[in-house]
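Observations on chain architecture
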Amino acid sequence: MLKKILQKTSFGIAYLLLCLTIGEVHPFTLLPMYNRFPNWAYTFYVSDSRGSLLQNDKYFTIPADGLAHLYYSICEKEGISQGYEKETTAELKKAGEIMMETLVLNPLTPFTGDTLQLHRVCYSINEDYIQSNNIIIYEIVIEK
Amino acid sequence: MANLLNKKFFKEYSSIEWILMKVSLCFIWMKLVTEVAINSETIYYPSGICSLIDCSIFLSVYTSSILLFAAFILSALYITEKYMIVVTFLMFLVSLLSFTLEESNGILNRSGLYTTVFLAQTFAYIRNNQSLKVERIQFPIQIIAGGYFLASISKLNQSGLNWIIEAPQAAIQMVKGFSYTYFDSGNISELDKGLKQADFVLKHEVLVKLLFAMSLVFETFAWLAVRNKISAFAIGVLLSGMHFGILYFMNIFIAAIFYPMIIFMVNPTYLLYSIIKWFYQLVKLGVQSSL
């Protein structure tokens, strides 16, 4: 009986234990996605100087969710504590600079405007409705 | 329909079932590996094997083309069941390198399950015993079930039962998910849709808590999928329901986890094949009886 159970679970258990021991090193993962629901969520997008959205599908190889992942990876690497809009302007500028560098590396469509602005939108619940706060965290002038 | 309901369907894996499983797996795998090869531009955040070796050599057009070509050849050999020990191990290595490159870009899609299922199959082929036809599918199912269990541990460890109590706050994640689509496509109606979904969640807290509790139960008991083919199918259907619910309400699709699960547990291409075959036989019978 025990042998049969072990035979049917040993690989899964081994993978589980290795994930718990090693953590976030591919192919191991702790699958922490949505393991808590804090009262904030960030999204990022790029606009021109007039604030018009430059959609990721048209201009960038990184999709919007990838951009958010990139922000969290940068924060982890740079030791920036994230969430509840508590990041300082300097910290946001630092992260925004790296994000923008990655974004403009290989654009899908040439930019026609003269400025690119990277926005962070923070969503949160205020009593029983969703509120948002949109700020520009980094801006570059495109050299023609 | 008899084919769908007979005992054999729920106990054994037929040759056509195995082939369709491999075709589905390779099709999605090639898509994911191609996306990584095209989109990987920097090694900003070296992780895994990229912290041990210089992975920037794989960013050039030439090396990523070679990697894609290798993935294509390996997929062809895998589907035609050639040199399986070597092929599944090389697929594991290509997967390991590709998805580590993606994570080294700072984009954590957590494709670990996809990579590890190939290694599990390598072990099944090394064992090469009389149960090979079952083990080459059951070993990957163990990895996938372990992954879902890990996700439930992560939730309980991080939030405990607050994960259910605070579930209505997932409304923010819903708006986030739909705003991703808006920022990608430029279609503002996606954002409006997200706000409406979030409003629904905030007004139906009990229902939302119940749904989240159910999904936590599904993840925790995903282990039952390792028991046999019928339990894998049943758990696969429940987990698919959970993923479609997440996609509908939150506009979030966790591809790297969903695909291996549905391919190994539900095998939708085989289901479709069985339905078409049944329908064809029904039409054939109808034509014969009318003659």
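Residues numbered from 1 in each chain as written. Chains lettered and ligands numbered in written order. Predicted model: local features only at pLDDT ≥ 70, side-chain atom pairs only at ≥ 80, totals over all residues.

The next thing to look at is the overall build of chain B. Each helix and strand in chain B was counted, giving 14 helices and 0 strands. Once the C-alpha set of chain B is aligned to its principal axes, its extents read approximately 55 × 55 × 40 Å. Intrachain contacts of chain B at a sequence separation of at least 6 include 71% that bridge at least 24 residues. (Helix = DSSP H or I, 4+ residues; strand = E, 2+ residues; numbered from the N terminus. Contact = placed C-beta atoms within 7 Å.)

Let us now look at the overall build of chain A. Regarding its fold elements, chain A presents 4 helices and 4 strands. Taking 2.2 N^0.38 as the reference for a compact globule, 144 residues should give roughly 15 Å; the C-alpha atoms of chain A span a radius of gyration of 20 Å, well beyond that estimate. Residues counted as buried form 32% of the 144 residues belonging to chain A. Long-range pairs, those at least 24 residues apart, make up 58% of the contacts in chain A with a sequence separation of at least 6. (Rg over C-alpha atoms; globule rule 2.2 N^0.38 Å. Buried ≥ 20, exposed ≤ 12 C-beta atoms within 10 Å, placed from the backbone.)

All names here are of chain B. Per the domain assignment, the segments of chain B are domain 1 (15-128) and domain 2 (151-281). Of note, the centres of domain 1 and domain 2, computed from C-alpha atoms alone, are 25 Å apart. Residue-level contacts link 15 residues of domain 1 with 10 residues of domain 2. Of all the elements in the fold, those that place two or more residues in the side of domain 1 that touches domain 2 are α3 (15-39) and α6 (112-127). Looking at the side of domain 1 that touches domain 2, the element that brings in the most residues is α3, giving 9 residues. Residue composition of the side of domain 1 that touches domain 2, by class: 10 nonpolar, 3 polar and 2 charged. (Domains from an automatic or database assignment. Nonpolar A, V, L, I, M, F, W, Y, C, P; charged D, E, K, R; others polar.)

All names here are of chain A. Looking at chain direction, strand β1 (residues 41-47) and strand β3 (residues 115-126) are connected through 7 bridges and run antiparallel. Bridging from a neighbouring strand, A41 pairs with Y123 of β3. Bridging between β3 and strand β4 (residues 129-141) involves 12 bridges; their strand directions are antiparallel. Paired with H119 across the strands is I136, a residue of β4. (Pairing = 2+ DSSP bridges.)

The next thing to look at is the interface of chain A and chain B. Facing the 51 residues of chain A at the interface are 56 residues of chain B. For the side of chain A that touches chain B, the secondary-structure elements that each account for two or more residues are α1 (2-22), β1, α2 (56-59), α3 (64-78), α4 (89-103) and β3 of chain A. Of the residues contributing to the side of chain A that touches chain B, the split by class is 29 nonpolar, 16 polar and 6 charged.

The next thing to look at is helix α12 (residues 229-250) of chain B. Over its 22 residues, α12(B) runs 31 Å from end to end, which matches the ideal 32 Å to within 8%, given 1.5 Å per residue. All buried positions along α12(B) are accounted for by B:K229, B:A232, B:I235, B:G236, B:L239, B:M242, B:I246, B:F249 and B:M250. (Expected span 1.5 Å × (residues − 1).)

Let us now look at the sheet that holds β1(A). Spatial strand order, β2-β1-β3-β4 (chain A): 4 strands in an open sheet with antiparallel pairing. The sheet is open, and its two borders are formed by β2 (53-54) and β4 of chain A, each paired with just one other strand.

All names here are of chain B. Where helix α7 (residues 132-159) contacts helix α13 (residues 255-266), the two axes come as close as 10 Å, and the packing angle between them is 140°. Taken together, the axis directions place α7 and α13 in an arrangement best described as oblique. Crossing hand, α7 versus α13: left-handed. Note on element contacts: α13 touches α7 through I257, P260, M261, F264 and M265, opposite I137, P140, I141, I144 and G147. Residue composition of the contact of α7 with α13, grouped by class: 9 nonpolar, 1 polar and no charged. (Axes fitted to C-alpha atoms, helices over the stretch in contact; angles between N-to-C directions. Parallel < 35°, antiparallel > 145°, perpendicular 65-115°, else oblique. Left-handed = near helix turned anticlockwise from the far one by under 90°.)

A:M99, B:I141, B:A145, B:M174 and B:A225 are the most contacted members of the largest nonpolar core, which has 108 residues in total. The greatest single-element share of this core, amounting to 10 residues, is contributed by α7(B). (Core = buried A, V, L, I, M, F, W, Y, C linked by C-beta atoms within 7 Å.)

Do not read the predicted coordinates in detail wherever pLDDT is low. The pLDDT averaged across chain B works out to 91; a share of 97% of its residues lies at or above 70. Model confidence for the complex is summarised by a pTM of 0.86, with the ipTM given as 0.89. (pLDDT = per-residue confidence, 0-100.)

Bringing the environment of B:L132 into the picture now. One can find B:L132 in helix α7. As for B:L132 and B:Y273, which are separated by 141 residues in sequence, their C-alpha atoms are 24 Å apart.

To continue, consider α3(A). Residue and element names in this part refer to chain A. Here α3 contains 15 residues, and its C-alpha end-to-end distance of 21 Å stays within 8% of the 21 Å for a straight helix at 1.5 Å per residue. Here α3 has its buried residues at A64, D65, G66, L67, A68, H69, L70, Y71, S73 and I74. Where α3 ends, the next residue or the one after it, G79, has phi of about 70°, a positive value.

All names here are of chain A. On the secondary structure map, S49 appears in the loop between β1 and β2. Using a count of 12 C-beta atoms within 10 Å as the deciding quantity, one classes S49 as exposed. Not counting the four nearest positions on each side in its chain, S49 is found in contact with G113, D114, T115 and Q117.

It is worth spelling out the domain arrangement of chain A at this point. Interfaces are frequently sized by the accessible area removed from exposure as the parts join. Under the domain assignment used here, chain A contains domain 1 (1-33) and domain 2 (36-141). Computed over C-alpha atoms, the centres of domain 1 of chain A and domain 2 of chain A are 35 Å apart.

Next up on the list: unusual backbone geometry. Residue A:H26 is joined to A:P27 through a cis peptide bond whose omega torsion reads 15°. Its place among the elements puts A:P27 in the loop between α1 and β1. A positive phi angle, near 60°, is found at A:E85, a position not held by glycine. As for its position among the elements, A:E85 is in the loop between α3 and α4. One non-glycine residue, B:Y83, lies in positive phi territory at about 45°. Within the fold, B:Y83 resides in the loop between α4 (61-79) and α5 (84-104).

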